Amino acid sequence: AAIRALRPGGIVADVTCSPHLAETAGIVAEAHREFGDEIEEIDARAVLAIAPTPATAARLSQPQIAAALRRAGRQRGVTTLAATIQQQLRLPQLRHPALVEDAFGIQALAVLATLDAECASVERLGQATSAAFTQHPDHRVITSFVGLGDLTGARLLAEIGDDRTRFADATPER
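The rules behind these values
Residues numbered from 1 in each chain as written. Predicted model: local features only at pLDDT ≥ 70, side-chain atom pairs only at ≥ 80, totals over all residues. Heavy atoms only, no water. Helix = DSSP H or I, 4+ residues; strand = E, 2+ residues; numbered from the N terminus. Buried < 20%, exposed > 50% of the residue type's maximum accessible area, 1.4 Å probe, protein only. Contact = heavy atoms within 4.5 Å. Areas by Shrake-Rupley, 256 points an atom, 1.4 Å probe, with all protein chains shown as cover. Expected span 1.5 Å × (residues − 1). Core = buried A, V, L, I, M, F, W, Y, C linked by side-chain atoms within 4.5 Å. Axes fitted to C-alpha atoms, helices over the stretch in contact; angles between N-to-C directions. Parallel < 35°, antiparallel > 145°, perpendicular 65-115°, else oblique. Left-handed = near helix turned anticlockwise from the far one by under 90°. Nonpolar A, V, L, I, M, F, W, Y, C, P; charged D, E, K, R; others polar. Arc of directions from axis to C-beta. 1 Å grid on protein atoms, 1.4 Å probe; cavity = no way out; pocket = protein on both sides within 12 Å on 5 of 7 lines; lining within 4 Å. Points joined across faces, edges and corners; volume = space filled by probe spheres on them. Salt bridge = Lys/Arg side-chain N within 4 Å of Asp/Glu carboxyl O.

Undergrad: Can you help me understand the overall build of the chain in this one?
TA: On a plain count of helices and strands, the chain comes out with eight helices and zero strands. Listing each helix as α and each strand as β along the chain from the N terminus yields α-α-α-α-α-α-α-α. Expressed as a percentage of its 174 residues, the buried residues of the chain come to 23%. Sequence-distant contacts in the chain: of pairs separated by 6 or more residues, those separated by 24 or more amount to 51%. Split by element, the accessible area of the chain, about 12200 Å² in all, is 58% carbon and sulfur.

Encoded structure:
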């Protein structure tokens with residue numbers, strides 16, 4: 001719905017720090033199916049950290065953008081993506097009066113700091129969940145199923161529980 005409300009050149013942010021790439025990939029894939037070539041993905045967090053305003057972003061070189069993307073963990077297609085991001089960051093639609101841009105830049109950095117803190121919390125929670133789940137008596141059985149690692153196995157266990165007397169047979173789980 002947010003994409004339909006955009007003007008040409010507008011940006012919608014789908015920000016996630018989920019350790020489950022499939023959750024984000026599904027949302028992005030659905031948007032691509034619906035809007036096709038009308039939308040384009042960019043990695044915003046890495047670039048936003050080094051250039052929070054359109055004015056500073058427009059001055060970034062492709063190597064600077066590529067370095068930021070690599071620091072953020074991007075490994076494939078970095079050069080092409082850096083060129084695309086540089087082109088997008090120089091669009092006139094992003095520009096505002098300098099005071100407005102500066103205010104938005106301060107706000108963007110504050111939001112980014114909050115997001116980074118939340119992502120770190122998600123990472124710590126995932127590690128703690130994995131550590132606790134590995135101690136569960138059914139850990140080896142649950143993780144023996146294809147696609148069930150420590151986090152997804154822990155999620156499954158949280159959903160169905162570990163009370164073996166809860167269900168008379170496997171019928172309710174189908």
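Undergrad: I would appreciate a short explanation of helix H6 (residues 98–133) in the present structure.
TA: An α-helical turn contains 3.6 residues, so any two residues separated by three or four positions project in the same direction. In this model, H6 (36 residues) spans 51 Å end to end at C-alpha, consistent with the 52 Å of a helix rising 1.5 Å per residue. Turning to H6, its buried residues are Glu101, Gly105, Ala108, Leu112, Leu115, Cys119, Gly126, Ser130 and Phe133. Its buried side turned inward, H6 meets helix H2 (44–50), helix H3 (54–58), helix H7 (139–142) and helix H8 (150–160).

Undergrad: Is there a simple way to explain the nonpolar core in this structure?
TA: Across soluble globular proteins, nonpolar side chains show a tendency to be buried alongside one another. With 15 residues, the main nonpolar core has Val47, Leu60, Ile65, Leu69, Ala82, Ile85 and Leu89 as its most contacted residues. Of all the secondary-structure elements, those providing two or more residues to this core are H2, helix H4 (62–71) and helix H5 (78–89). It is H5 that provides the largest number of residues to this core, a total of five residues. If we ignore the near neighbours within four places in the chain, the residues touching alanine 82 are Gln62, Ile65, Ala66 and Leu69.

Undergrad: Can you help me understand the packing of H4 against H5 in this one?
TA: Helix-helix packing: each pair is described by the crossing angle between the helix axes and the interaxial distance. Where H4 meets H5, the axes come as close as 8 Å, and the angle between the chain directions of the two elements is 120°. Classed by the angle they form, the pair H4 and H5 counts as oblique. Seen along the crossing, H4 lies across H5 with a hand that is right-handed. In contact with Gln62, Ile65, Ala66, Leu69 and Arg70 of H4, H5 contributes Val78, Thr79, Leu81, Ala82, Ala83, Ile85, Gln86 and Leu89. Looking at the contact of H4 with H5 residue by residue, the classes come out as nine nonpolar, three polar and one charged.

Undergrad: What am I meant to see in H8 here?
TA: Buried within H8 we find Gly153, Ala154 and Leu157. Within H8, the buried residues cover an arc of 100° as seen down the axis, which keeps them to one side. Turned more than 90 degrees away from the buried face of H8 sit Ala158 and Glu159, all of them exposed. Considering only its buried residues, H8 is in contact with H6 and H7.

Undergrad: Help me understand the layout of surface pockets, please; the structure alone is not making it clear to me.
TA: Volume-wise, the second largest pocket comes out at about 400 Å³. Asp138, Ile160, Gly161, Asp162 and Arg164 are, among the 17 residues lining the second largest pocket, the residues nearest its centre. Contributions of two or more residues to the lining of the second largest pocket are made by H7 and H8. The leading source of residues in the lining of the second largest pocket is H8, at three residues. Its residues assigned to classes, the lining of the second largest pocket comprises nine nonpolar, one polar and seven charged.

Undergrad: Would you mind showing me how to read the pattern of salt bridges here?
TA: Side chains that carry opposite charge are capable of pairing whenever their charged atoms lie near each other. In this structure the tally under the stated criterion is one salt bridge. Between arginine 95 and glutamate 101 there is a salt bridge; the shortest N-O distance is 2.6 Å. Look at arginine 95 and you get partly exposed, because its relative accessible area is 41%. We classify glutamate 101 as buried; its relative accessible area is 3%.

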